[in-house]
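# A closer look at the structure
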Amino acid sequence: MSTTDRRTRIVDAAIELIARRGLRALTHRALDTELELPPGSSSYYFRTKRALIEAIADRIADRSRSDFGAARFEAPETAGLPSIAHGIAVWLDRLLLERRDHLIARHALIVDLIGDPELHGRLANSLFSTERARELFRATGFPDPDTAAADFVAVLEGAVFDRFAGNRSALPAGTPASITQLTTLLTAYLRH
């Protein structure tokens, strides 16, 4: 196994460990045990807990950029708001279905790292692109695209949190009901 593969495997296990057992469970020893590695293996690749958390932030951000780049949205100039809302809802539903552990770990770390502006900022901006949202609002003619973009990202953050940990956590992702719920919410916001 290459060094890159082992590092990725350790980071993915760290994300899963946080999502399943909480932030306090994240230790080098727990990772070695989880991955059935010799003691000290994970600390060889990530000397400190901070180095491990930096790698987690990078992994979540890289995966988010990759997923967003692979998503197919209609051009705002040609699509109506309901169509845009539906496209984003499908993308969010996929995020909830395929990356639930990333969402949980990210939120746990964001709260834990409030006092660390550098890492907190990296994680807070790792899931949604305010710049992409700004482009959407410019293309659809919103009067203040900067404010609309920041508000829209806040709506997306809230919608995702609600679905994996809030009042709607019982609504399963990957279902028509899930996409309908998200589409309805986003359409209502976009029409305001």
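Quantities reported herein were computed from a predicted structural model and do not represent experimental measurements.

Reading guide: rules and limits
- The numbering scheme is per chain: residues are counted from 1 as the chain's sequence reads.
- Per-residue local features are limited, in this predicted model, to residues with pLDDT of at least 70; the limit for side-chain atom pairs, both in listing and counting, is 80 or more; totals at the level of whole chains, interfaces and linings are taken over all residues.
- To get the side-chain values, take all heavy atoms of the structure and skip hydrogens and water.
- UniProt positions are given in the numbering used here, feature names are shortened, and annotations may be inferred rather than shown by experiment.
- What counts as a helix is a DSSP run of H or I of at least four residues, what counts as a strand is a run of E of at least two, and both are numbered from the N terminus.
- The pLDDT value tells you how sure the predictor is about a given residue, anywhere from 0 up to 100.
- Stacked, edge-to-face and tilted are the three classes for Phe, Tyr and Trp ring pairs, Trp counted by its six-membered ring, which pair at centre distances within 6.5 Å; planes under 30 degrees apart are stacked, over 60 edge-to-face, the rest tilted.
- Exposure is judged per residue with a 1.4 Å probe applied to protein chains only, and the accessible area is read against the type maximum: over 50% gives exposed, under 20% gives buried, and values in between give partly exposed.
- Any pair of residues with heavy atoms lying within 4.5 Å of one another is described as a contacting pair.

## Re the UniProt feature "domain: HTH tetR-type" (unreviewed entry) in the protein chain
Residues annotated by UniProt as "domain: HTH tetR-type" (unreviewed entry) correspond here to residues 4–64. Along residues 4–64 one finds 75% helix and 0% strand; the C-alpha atoms at either end are 19 Å apart.

## Points about the confidence of the model for the protein chain
Per-residue confidence for the protein chain averages 91 on the pLDDT scale, and 95% of its residues sit at or above 70. Here helix 8 (residues 130–139) stands out as the least confident element of the protein chain, with mean pLDDT 88; helix 2 (residues 28–34) is the most confident, with 97.

## Here we look at the packing of aromatic side chains
Taken as a whole and assessed by the stated rule, the structure comprises six aromatic pairs. Seen in terms of ring centroids, Phe137 and Phe142 are 4.6 Å apart; in terms of plane orientation they differ by 75 degrees. Their pairing is edge-to-face. Judged by relative accessible area, Phe137 falls into the buried class, the value being 0%.

## Digging into the side chain of Asp162
Inspection of the secondary structure puts Asp162 in helix 9 (residues 145–165). Excluding residues within four positions of it along the chain, Asp162 makes contact with Asn167, Arg168 and Ser169.

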